[in-house]
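Structural overview
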Amino acid sequence: MTDTPAIEISGLVRRFGRRDAVDGLSLRVQPGRCYGFFGRNGAGKTTTIKCLLNLLRPTSGRVRVFGLDPQRDEVEVKSRLSYVPDNVAFYPWMTVSDVLEYVASFRTRWNADTERALLSRFRLDADQKASHLSKGQRTQLALIAAICPEPELLVLDEPTSGLDPIVRREFIQTVIGAYQDGDPGRRTVFVSTHLISEFEGLIDEFTIIDGGRDVLTLEADAARGRFEKPLEEIFVSTLQPTAVPA
Amino acid sequence: MRLQISFKSGKPVYLQIVDQVKLAVASGGLRAGDALPGIRPLAESLRLNRNTIAKAYAELESQGVIDTNAGKGCFVKDGGSPYRKDARLEMLKDEIDTAVVQAHHLQIGRADFLKLAGARFDAFEQQRGTAPQD
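Residues numbered from 1 in each chain as written. Chains lettered and ligands numbered in written order. Predicted model: local features only at pLDDT ≥ 70, side-chain atom pairs only at ≥ 80, totals over all residues.

Take the environment of leucine 231 of chain A next. Within the element layout of this structure, leucine 231 of chain A appears in helix α9 (residues 231–239). Setting aside chain neighbours within four positions, we find leucine 231 of chain A in contact with Ile196, Glu200, Ile203, Phe206, Ala220 and Ala223 of chain A. (Helix = DSSP H or I, 4+ residues; strand = E, 2+ residues; numbered from the N terminus. Contact = placed C-beta atoms within 7 Å.)

What follows is the structure in structure tokens.
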């Protein structure tokens, strides 16, 4: 028996005017895996993710999340996943606990123990106004809001860019610790990043996207075995082929 | 037990854990009955995916190095490989062959090779004898 992939993208094209932001991308993420989506700025990572969430409609190609069409089955797809965008914004008048209460009201499940544990781990003050939070604290709050509903799929779009190394480390440990708790076979992570070395240990499998296409998809261990170097260097050498003189 | 993970070597991360645990057991850093760290704390401290730790522990269990006690964790086993002796000898053959080939190219003869093997056995035995219990 094969499990329904958490994410399945085939031949995805998304055009903006005359520019193809995504140009024939295919990938498949099995449930329970931590999947890295690596690409430079402008490679098409965020556009792809927005197609998964029906924030954008594909120009052509097929996108399935849990085997469902994110456009037709939008509510079911969104109720089973959480998304942390690169730039997190909250209503500025809300406090930390207001934000979490508000988010929880849209969710069928909400793990209050996890909420308490993470608030104290991140030393977030529940009465603090969202508008007074630092960038790092906003990301931490978004991560709590993403993990407490215990979704099957956690979609992270450049979650740690612009954060200091301590916050980045805590972020990753929280994904490993709090998110993967419970039912690890059904806790899938899809993370887009260019901070590859930060996420190296977390990644089971990855796709490198460039110019809107998947240029390399491999298991992390197989990639290190084949190239004998860390994923970040594999990324760099894949995208910077040695120039061959004409 | 301190685990050191390198992403630079071409070796799969789970195998690095397997080999380091086996080394620790052979050299007395871990003794029969000792508990291995839990999957979650170890994954967090090494910043590794839990799947990787779970895969390493499953491999160690299948090799008869550790036992998994549901709910309690993983413990170093007191000997008792699940394989028969001829199968165990067969498993060792490839590793010995690698060393024999290397010895040939380094012009190390049989006598010196066996002497060195004996010395390494002694070294590990001595380390197991003197390793601090924690």
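Additional details are given in the paragraphs that follow.
Strand-to-strand pairing in sheets goes through backbone hydrogen bonds, with the strands running parallel or antiparallel. Residue and element names in this part refer to chain A. The strand order across the open sheet built from 6 strands is β5-β6-β7-β3-β8-β9, with neighbouring strands paired in mixed fashion. Looking at which strands have only one partner, the edges of the open sheet turn out to be β5 (81–84) and β9 (213–219). The average angle at which neighbouring strand axes cross in this sheet is 15 degrees, direction not considered. Those strands touched by helix α1 (residues 45–52) are β3 (34–38), β6 (153–157), β7 (188–193) and β8 (205–210), and its axis lies near 150 degrees from that of β6. (Pairing = 2+ DSSP bridges. Axes fitted to C-alpha atoms, helices over the stretch in contact; angles between N-to-C directions.)

All names here are of chain A. In space, the 3 strands of this open sheet follow the order β2-β1-β4, with antiparallel pairing throughout. Both edges of this open sheet fall to β2 (19–29) and β4 (60–65), since each of them pairs with a single strand only. Each strand axis lies, on average, 25 degrees off the axis of its neighbour in the sheet, ignoring direction. Of the strand pairs in this sheet, strand β1 (residues 7–16) and β2 are connected by 8 bridges, and their pairing is antiparallel. Looking at the pairing, isoleucine 9 lines up with leucine 27 of β2.

Contact with chain A, which involves 17 residues of that partner, is made by 15 residues of chain B. If you list the elements that add at least two residues to the side of chain A that touches chain B, you get α6 (165–179) and α8 (220–227) of chain A. A per-class count over the side of chain A that touches chain B returns 6 nonpolar, 5 polar and 6 charged. (Nonpolar A, V, L, I, M, F, W, Y, C, P; charged D, E, K, R; others polar.)

Given 3.6 residues per helical turn, the α-helix brings residues three or four places apart onto the same face. Residue and element names in this part refer to chain A. Within helix α3 (residues 96–104), the full set of buried residues consists of Val96, Val99 and Leu100. What you see down the axis of α3 is that its buried residues fit within an arc of 95 degrees, all on one side. Buried residues along α3 sit in contact with α4 (112–121) and α5 (135–147). (Buried ≥ 20, exposed ≤ 12 C-beta atoms within 10 Å, placed from the backbone. Arc of directions from axis to C-beta.)

All names here are of chain A. Position of leucine 12 relative to the elements: it lies in strand β1. Leucine 12 sits in the buried class, given 25 other C-beta atoms within 10 Å. Separated by 39 residues in the primary sequence, leucine 12 and cysteine 51 place their C-alpha atoms 8.9 Å from one another. If we ignore the near neighbours within four places in the chain, the residues touching leucine 12 are Val22, Leu25, Thr48, Cys51, Pro58, Gly61 and Val63.

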